[in-house]
Amino acid sequence: MKLYSTRKFKTEKAGQDRISTVNSFMRHLSFQWSGKKSTERMQPRDFKMVMLFVLLGMCSQSAAQDGISLAIYTVTSKSLTVQWSKYSGASSYKITATPKNSPEPPAFAQFSENSVMGSVNSLAPNTIYIVAVEAMDNALNVLSTAEVEEVTAPEVPTIEQAYSKQSDSITVEFSATPGASSYVLRAESAAGEFSETPVSASPGTVLHLQPYTDYILSVMSVNSGGMSQPSLPVQVKTVVAAPELNSTSSSNSTILLTWDRVEHAVLYTLCIIMEGSDTRVKLNTTNTSVAFMDLEPGTTYCIKGNAWDPHSIPGEDFTVCQITRPPTPGLVQVMLTVDGSQHMAVHWETMHGADRYFALSTTGQNCSSSDSYCVISPLSCGQNHSITVTALNRAGPSGPSDPEDFLTFPCPPESIWVEEPVPGHCTVLWSKVPWVEYYKAFVKRDDGSEELCNTTSNTCNYHCQCGFTYFMNVFAYNRAGSSPPGHVLNYTTIPCCPEDVSISLVSTETLEITWSPVRGAEVYETKAAGASDLIHCNDTAPVCALSDLRCNSRYSVVVRPCSELRGCNNTCRPHTEETAPCTPEILSITQTNVSCVNISWSASNKEANYTVKVVGEMDSHTCHSTGTSCEVAHLACGSTYEVSAIACTSVGQSLASYTIPLETGPCCPQVLKVTQVTQAMTNVTWSEATGAQSYVTSLTSMRGDAKCHTLETHCLMGCITCGINYTTSLEAISSTGHKSECIYHGFSSSACCPSSVKLYRMTNNTIQVYWHSSGNLNNYTADLYGANSNYTCTPPPGGNSCRVSEIMCGDVYTVVVAPLSQDGTKIKFCPKRMYSVSCSGSNVGMVIYRGKRSAD
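Counting of residues starts from 1 at the beginning of each chain's written sequence and follows it residue by residue. At least 70 in pLDDT is required for a residue's local features to be given in this predicted model, at least 80 for side-chain atom pairs to be given and counted, and no such filter applies to totals for whole chains, interfaces and linings, which use all residues. For side-chain calculations, the full set of non-hydrogen atoms in the structure is used, while hydrogens and water are omitted.

Peer 1: Looking at this model, I keep getting lost on the overall build of the protein chain. Mind explaining?
Peer 2: The helix and strand tally for the protein chain stands at 2 helices and 69 strands. Among the 856 residues that make up the protein chain, the fraction classed as buried is 44%. Of the contacts formed within the protein chain by residues at least 6 apart in sequence, a portion of 59% connects residues at least 24 apart. Here the open area of atoms and residues is found with the Shrake-Rupley method and a 1.4 Å probe, where only the protein chains shown may cover a residue. Summing over all exposed atoms, the protein chain offers an accessible surface of approximately 44,600 Å²; the carbon and sulfur share of this is 51%. The secondary structure listing takes helices from DSSP runs of H or I that are at least 4 residues long and strands from runs of E that are at least 2 residues long, numbered from the N terminus. Exposed residues in this analysis have more than 50% of their type's maximum accessible area, buried residues have under 20%, and partly exposed residues fall in between, with area computed by a 1.4 Å probe over protein chains only. Note on contacts: a residue pair is in contact if any heavy atoms of the two residues lie within 4.5 Å.

Peer 1: I tried to follow the pattern of salt bridges on my own but got confused; where do I start?
Peer 2: Side-chain pairs of opposite charge can arise where the charged atoms are in close proximity. Each salt bridge in this description consists of a side-chain nitrogen of Lys or Arg and a carboxyl oxygen of Asp or Glu lying within 4 Å of one another. Under the counting rule described, the total for this entry stands at 10 salt bridges. The closest approach of N and O atoms between R566 and E420, which form a salt bridge, is 3.2 Å. In this pair, R566 sits in the loop between β44 (554–563) and β45 (567–568) while E420 sits in strand β31 (residues 416–422), placing the two residues 146 residues apart along the sequence. Taking relative accessible area as the criterion, E420 reaches 23% and is therefore assigned partly exposed. Between E525 and K527 there is a salt bridge; the shortest N-O distance is 3.5 Å. Judged by its relative accessible area of 11%, E525 falls in the buried class. Through salt bridges with shared partners, a single ionic network connects E525, K527 and R560.

Peer 1: What should I look at first to understand the side chain of T299 in this one?
Peer 2: Position of T299 relative to the elements: it lies in the loop between β20 (289–292) and β21 (300–308). Given the relative accessible area of 10%, T299 is considered buried. Here a polar contact means two N or O atoms within 3.5 Å. Within protein one must be a hydrogen donor candidate and the other an acceptor candidate, and residues neighboring in sequence count only if both atoms are side-chain atoms. Among the polar contacts listed, one links the side chain of T299 to the backbone oxygen of E296, at a separation of 3.5 Å. In this structure T299 touches M274, Q322, I323, T324 and H352, once residues within four positions along its chain are discounted.

Peer 1: Looking at this structure, how should I read the state of the cysteines?
Peer 2: Covalent bonding between the sulfur atoms of two cysteines defines a disulfide. When the sulfur atoms of two cysteines come within 2.5 Å, that pair is taken as a disulfide. For the structure on display, the rule yields 18 disulfides. Here C722 pairs with C752 through a disulfide, and the sulfurs are 1.6 Å apart. With the S-S bond torsion at 85°, the cross-link from C722 to C752 turns out right-handed. Placement of C722 in the loop between β58 (714–717) and β59 (725–733) and of C752 in the loop between β61 (747–748) and β62 (755–761) is noted, with a sequence separation of 30 residues between them.

Peer 1: So what exactly am I meant to see when it comes to the packing of aromatic side chains here?
Peer 2: Two descriptors summarise a pair of aromatic rings, namely the distance from one centre to the other and the angle between the planes of the rings. Each Phe, Tyr or Trp ring, with Trp reduced to its six-membered ring, pairs with another whose centre is within 6.5 Å; inter-plane angles below 30 degrees give stacked pairs, above 60 give edge-to-face pairs, and intermediate values give tilted ones. The tally for this structure, following the rule as stated, stands at 16 aromatic pairs. Between F174 and Y183 the ring centres are 4.9 Å apart and the planes differ by 55°, which places this aromatic pair in the tilted class. Here F174 matches Y183 in class, with each residue buried. These aromatic residues form a ring-pair network of at least three members: W84, Y93 and F111. Above the plane of the ring of Y212 lies K237, whose end atom (NZ or CZ) is 4.5 Å from the centre. Charge over a ring is defined by NZ of Lys or CZ of Arg lying within 6 Å of the ring centre and within 35 degrees of the ring normal.

Structure (structure tokens):
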């Protein structure tokens, strides 16, 4: 059945190229149905769903009004089913099928306004039709049309014959149908099993069926338009399945046949025939196993079997071929191979039907061949072989032949070893071997000398010297002859001890040991054993340096010659030697004063003298002690020294200790000067100091401190209180942080400048100068500087005013009142005030304050 095909169709309206979304979904759904088998017809529930989507599509199409659309839904030999889109305003739809190349009259059908699917019947098979749809109103006016071209399916074929020869297939012979490009065979069982098989022509076979099952078979013809209706059905039953025969041969004259019971089978027929023979033997049985007896050994038999159903119809047959096991080999012979090597050749008589032969010894050795002999290799000594031969083919092995015995020569001893209970006296021993009458032991030394020992026991004694290698081999003998060469044992005696050992101290912690080479030594192990350590070295040369010894220690030194096979000789005599004193370690350097340091160190040496060196760029110093500290004086300030220590005993001198850098504190400046710049600020200057990088200058008093940290040699310091005595100090600091405290003469700040300086007019051209003093009994001086004249007055000690007479009026004066220092000098940083002195007749008039001025 062809469910749906999309085709281009004509339309009277513009916009036919656009199809609504719902109609697209309808076509998609139709495609899904087209993927099903043709006989899986749409159920009523499925059809209702399709109609629902079609109606939704029609509503959408009505809104779009792009024109009616038409598509083929199904095709048969005499009918076409189409579907169309709903058109707005249509009250009915008319479907017309017109033959394209045939004089047959057209067929039509009319449907109501709610229909979107319909069929046109009574068509001719294998004919091309033009199918048209017309949407009409109530007056039968055509509102929109669409058409599509389609061919009907071919005629329905006729089944002529159907039969089953295999349990899983049925062959159908049918008549050919004009216009058919292929055919479909349909098979359906009562259990609902359904299949469709496409074939190109008659006859056709339906495969994959169930055995002994009734099937309804029909045939349909197919062309490009679709598929015809099924032919008249026929009923055929498949035959019963064939028994799956399993065959084995348990002996060379028997074949056992077994199979699983076949469903619906009431009887089994077996037919056996020997390969190369026309004689057949038939056997009917209801059992599921049969044994065929008295068969030819090594012969292939083919057995065909089939089952019969209750209606005495034979089922499918099955054939299996089985060979019987071969006969037992005879005339087995065993001998050595002709090349004289230790191989055993086994010969036998070949058997009919045998593919291979297998020879087995009681020792477990074996060989196999498709010929009449094989070789067992290698032979084992001291054994009595019993050989059997078995023939084999696909069915399995024959029975073993009669055993054949074969006796071999004796084995050599499996293990040889040497015991040396006393140096120089050796015994060679070996394990005993069965079937041996006596032994011969050969002992050969590496310089060529040789000894021979005949014995019935398993030991031989011989003299062995130190430093030699001995080679030993033992042969076993019996009536069959000598055993093969056995294991050759190498035994090496221990190397000899050196007698001329010489030990010397070549450095503080290194001993050099020398000796003459000795026989048998491959390497020398030198050990130095102290109180708590053990140092050793290995070397092939007769010299060794033990360089990781403990200082100031006594060692027992022994040289042991060693070989790879025997190890080391532990009987060599030890020698005693002492190492140099240990290197002292400087623990601390303490500067006790500017030019003196105390140096201390650790010492583990006994009875050692110590020398400490302090080396600088310009000078060097040394101190000696038997203890762990000493003092070095007269060091220069601001200098760098390197300090090291050495220990010395009667054995020798130690290495110098690690050098410790020593830096003395920087020197103090030779000159320091404090100059007061203002009433509250001083300038401190000093000379450069050796070794100093920065300076901290301090002025300390009961009223407060001032401090300055600088890299220069001067410092401007503020927050100074006037009229106070200060302690002056300086701290010189090196680049590494070493400090030196420097104390200088004290510094007294100048008296405080007076405040509230005022001028008062007096009689007789006189001006009175007043001020407030700091309270100390200081001497002051008052200066008046005018454009035309200058005046100075000095009060008595402790006074706070003085008078200037005969002053010139009509001028502006700068007034400065300053205290006098202890040496009588005038303080120059007190503030200045400006006054204007007017004239009043011949006397001084008004005195007007003009403001302050800073010091020049």
